[in-house]
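Summary of structural features
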Amino acid sequence: MNIKLQDIDLLGNLGLKSTQDRLNRQAERDNKIAFFEQQKENLKNMKADTIDEIARKLDMFHGYEDQIAVAKIEYNNSQMFHVFDEAQELAEKIAEATEKNEPKTPEERREDMIEEATGVENDGLLDEIMDNLTEAVEEVTEDMVEDLQQSSEEILSEDELNQMILTEEEQLEKLQQEKRMPANYIPFDYRI
């Protein structure tokens with residue numbers, strides 16, 4: 001049975017690229033399977049008089065069966081990735097739709113009213129300069145944040161090193177004090 005789905009839109013064109021890819025993969029799989037099924041049918045017409053010819057015909061038959069199994073496995077593996085791709089595309093479309101349907105802020109409504117009243121969009125020279133300025137400020141800010149992070153990491157590592165040295169010195173002093181005290185001495189401290 002040979003099925004061709006290449007020019008037929010079965011799902012009414014859902015608009016998802018992953019759905020069209022899946023249909024193409026299905027058509028490719030079906031065409032491969034149909035080709036090898038036809039080859040198996042052709043083996044029936046092939047004459048085999050000797051044992052070697054029969055063995056060769058049997059090997060060809062098993063080879064065709066293996067190729068059919070490989071085509072099905074390839075399709076199944078690609079289907080696993082297809083599910084993830086389709087979910088991602090659907091999520092992106094939903095996100096775009098929700099962005100369009102979000103309520104506008106009072107400033108946005110005011111800008112829309114001005115644009116409608118004047119019939120001109122506010123994409124002048126001043127807007128272009130402001131965009132360039134904001135980009136430059138963002139770049140400088142990112143550079144400063146990176147520099148601060150690097151310097152804080154360096155300072156942190158120096159502080160940790162100093163603290164480790166102090167704790168080792170304190171431990172050494174405690175050991176020395178314990179050696180100096182008699183065994184029956186119990187220390188006590190009073191604050192006045």
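So, how was this worked out
Residues numbered from 1 in each chain as written. Predicted model: local features only at pLDDT ≥ 70, side-chain atom pairs only at ≥ 80, totals over all residues. Heavy atoms only, no water. Salt bridge = Lys/Arg side-chain N within 4 Å of Asp/Glu carboxyl O. Helix = DSSP H or I, 4+ residues; strand = E, 2+ residues; numbered from the N terminus. Core = buried A, V, L, I, M, F, W, Y, C linked by side-chain atoms within 4.5 Å. Buried < 20%, exposed > 50% of the residue type's maximum accessible area, 1.4 Å probe, protein only. Contact = heavy atoms within 4.5 Å. Phe/Tyr/Trp six-rings, centres within 6.5 Å; stacked < 30°, edge-to-face > 60°. Lys NZ or Arg CZ within 6 Å of the ring centre and 35° of its normal. Patch = residues over 30% accessible without salt bridge, like charges linked within 9 Å, V, L, I, M, F, W, Y side chains within 5 Å. Areas by Shrake-Rupley, 256 points an atom, 1.4 Å probe, with all protein chains shown as cover. pLDDT = per-residue confidence, 0-100. Polar contact = N/O pair within 3.5 Å; in protein donor to acceptor, adjacent residues only side chain to side chain. Lys, Arg positive; Asp, Glu negative; His and termini not counted. Charge placed at Lys NZ, Arg CZ, Asp CG, Glu CD.

**Let's talk about the pattern of salt bridges**
- Applying the stated criterion across every chain yields a total of six salt bridges.
- The closest approach of N and O atoms between Lys32 and Glu74, which form a salt bridge, is 3.2 Å. Within this pair, whereas Lys32 is found in helix α1 (residues 17-45), its partner Glu74 is found in helix α2 (residues 51-101), the two being separated by 42 residues in sequence.
- One salt bridge connects Lys40 with Glu37, and the closest N-O pair in it is separated by 3.6 Å. In this pair, Lys40 and Glu37 are both assigned in helix α1, three residues apart and thus about one turn of the helix distant.

**A look at the nonpolar core**
- Judged by nonpolar contacts, Ile33, Phe36, Leu43, Tyr64, Ile68 and Ala71 together constitute the single largest core of six residues.
- At the level of elements, α1 and α2 are the ones that each hand at least two residues to this core.
- In this structure, Ile33 is in contact with Ile68, Ala71 and Lys72, ignoring residues within four places of it in sequence.

**Topic: the packing of aromatic side chains**
- Evaluated as defined, the whole model comprises two aromatic pairs.
- On the numbers, 5.1 Å between centres and 75° between planes, the contact of Phe35 with Phe36 is edge-to-face.
- By relative accessible area, which is 46% here, Phe35 ends up partly exposed.
- By way of ring pairs, the aromatic residues Phe35, Phe36 and Tyr64 are connected into one cluster.
- The ring of Tyr75 has Arg29 lying over it, and the distance from NZ or CZ to the ring centre is 4.2 Å.

**Describing a nonpolar patch on the surface**
- Where nonpolar side chains cluster on the molecular surface, the patch consists of Met80, Phe81 and Phe84 and spans about 390 Å² of accessible area.
- You can see Phe84 is positioned in helix α2.

**Description of the confidence of the model for the protein**
- For the protein, per-residue confidence averages 77 on the pLDDT scale, and residues scoring 70 or more make up 72% of the total.
- Every residue in residues 4-9 is under pLDDT 50, and counting partners more than four places away or in other chains gives five contacts.

**Overview of the side chain of Ser78**
- If you trace the backbone, Ser78 turns up in helix α2.
- Polar side-chain contacts of Ser78 include one of 3.1 Å to the side chain of Arg25.
- In this structure the side chain of Ser78 is engaged in a polar contact, spanning 2.8 Å, whose partner is the backbone oxygen of Tyr75.

**Side note on a negative patch on the surface**
- There is a patch of like negative charges on the surface, built from Glu128, Asp131, Glu135, Glu138, Glu139, Glu142, Asp143, Glu146 and Asp147.
- The residue Glu128 is located in helix α4 (residues 125-180) in this model.

**Here we look at the side chain of Lys40**
- Taking the relative accessible area as the measure of exposure, Lys40 reaches 15% and is therefore buried.
- Excluding its chain neighbours within four sequence positions, the residues that come into contact with Lys40 are Phe61, Tyr64, Glu65 and Ile68.

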